[in-house]
Amino acid sequence: MKPLLLALATAVLPLTPAATPALNWSPCPNDGPDHMECATLSVPLDWNDPGGRKVTLALGRLKATGPSQGTVLVNYGGPGAPGVEVMGGRLLSPGSQPFDQLRQHMDVITWDPRGYGLLGGMGTPTIDWSCLKSLPNSGMPTPPTTQAGFAALAASNAAAANACRAQDPTLFDHMDTLSNARDMDAIRRALGQSKVNLYMGSYGGVYGQTYADLYPDRVRTMVMDGTGDHSIDFDRAQDALARDNVARLQRFSDWCAADDTCALHGQDVPKVVATALDDWSSRVTMSIRLIRSGRADFPQLATDLTKAEHGDKSAFPVSHMGYPVSECHEWPAPRSLADLTASETRLTRVDPVLGAAGTMVAFTLACVGWPGAANNPPRPLPAHLPPMLAVGTWGDFPATNRVASRVPGSGWIRHDDSGHELYATGNACVIPLVDRYLLTGVPPKAEC
């Protein structure tokens, strides 16, 4: 055992006993990782009708190699990413291993969110999401400029949604984050834990924020690794994202001004972006590249922008809505053309280059006309949550840290470079700091 974790093992906060016999762990199916155990858990499809139809969740476990002092529940985002497959694959990748040291003291559990049955059919029922990819709005819709265009967008989105919904309407209507958060609590109960530790990566941070809102007294620790802000008024959160984009573009522009190898050296970089990327989709892609790019990526970004100046925008392809069956329940879509126009105008004042294209407004366009309501909109976290830990790169850290900073005593780990889900992808500096927090409940404040 490494000295740090040996010391921490004697300092962990008292927790409830580990697992109960409620889950029957056994070797994973043939297509599952052989270094994990698997189990299934039956939960209500509609949590408002607990005696009705059930859905089966597939779970994966890295069992503690020593006496278990608690459970870490892991979600990799997506939303909808099959956790068992993702965890199994990442543990076989080279380099520093997430959970490798932590699991000496804790069980590490992940699950495939409802609707996924990738692991030997363990998770049932399922929906084939290729139905979205074959339809026009599988890409990022362009903002309409007329009322007729707004109505056409709503009709197109509804057609795309209903093509998928027809496979299993009841399942489709209950694949939202609220339902998944209630599934998380069912997993906690099945494990026999009074409190749970959460590692929530990327969109999993929305799952985590929703869980904390529903069950604040059941959270012991929560790591949010590169997530969005679902804990404040939507418009205010988008204003903050627009300010983040201004700062990201300025950082890239400053690098280009200082480095004569930059293909745009000596030019007004924001002006180049504004003129060369003159369509909505390429600006959305530009905002994503700014979030994910580090200094090593800047030369290629400058080269791609030079090509875009000459009409070749192939390096800024159409972006896609990730998983609208969930996201359209979490983020309020524009209710009318006037509502959309007001958001675009306000955000362009904040960020004259990327405007609304650099915010969640771009993604909510796919939700205009989507069946069902935004039943889980952003809202403040409850008081008296335990300190959280925000983890992120220079690009995705600001929004993640805004969430954690609203919880007194929370900490942060900032990586001043590119990447995403730093702990889960094996950042050697981040891993021991996160492990220490999950063991002790005391969050660090550190640069990596």
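Here the residue numbering is sequential within each chain, running from 1 through the sequence in written order. Side-chain atom pairs in this predicted model are given and counted only at pLDDT of 80 or more, local residue features only at pLDDT of at least 70, and totals for whole chains, interfaces and linings cover all residues. Side-chain numbers here rest on the full set of heavy atoms in the structure, without hydrogens or water.

### Things to note about the overall build of the protein
Going along the chain from the N terminus, every DSSP run of H or I of four or more residues is numbered as a helix, and every run of E of two or more is numbered as a strand. Each helix and strand counted, the protein has 16 helices and ten strands in total. When each of the 448 residues of the protein is scored for burial, the buried share is 56%. Working rule for contacts: check all heavy atoms of both residues, and any pair within 4.5 Å makes them a contact. Counting contacts in the protein only where the partners sit at least 6 residues apart, residues at least 24 apart contribute 76% of the total. Only protein chains enter the accessibility calculation, which uses a 1.4 Å probe; a residue is then buried when its area is under 20% of its type maximum, exposed when over 50%, and partly exposed in between.

### Looking at the sheet that holds strand 6 (residues 196–201)
Read across the sheet, ten strands follow the order 1-2-3-5-4-6-7-8-9-10 without closing on themselves; strand pairing throughout is mixed. Edge positions in the sheet fall to strand 1 (26–27) and strand 10 (445–447), since each of these pairs with one other strand and no more. Paired strands are those between which DSSP finds at least two bridges. As paired elements, strand 4 (residues 71–75) and strand 6 share four bridges and run parallel to each other. Opposite Asn 75, over in strand 6, you have Met 200 as the bridge partner. Here an angle of 0 to 180 degrees is reported between the N-to-C directions of two axes, which are lines fitted to C-alpha atoms, with helices fitted over the stretch in contact. Set on the sheet, helix 6 (residues 177–190) makes contact with strand 2 (37–44), strand 3 (54–62), strand 4, strand 5 (107–112) and strand 6; between it and strand 2 the angle comes to about 120°.

### Digging into the pairing of strand 9 (residues 411–415)
Two faces belong to every sheet, and in a regular strand the side chains alternate between them. In strand 9, alternate side chains face the same way, and those of Gly 411, Ile 413 and His 415 are buried while those of Trp 412 and Arg 414 on the opposite face are not. Handedness of a crossover is defined as follows: orient the strands so they point away from the viewer, and if the path from the first strand over the helix to the second runs clockwise, the crossover is right-handed. Handedness of the β-α-β unit built from strand 8 (residues 389–393), helix 15 (residues 397–405) and strand 9 comes out right-handed. Across three bridges, the pairing between strand 9 and strand 10 is parallel. By the bridge assignment, Arg 414 is partnered in strand 10 with Glu 447. With helix 16 (residues 430–440) bridging strand 9 and its parallel neighbour strand 10, the resulting β-α-β unit is left-handed.

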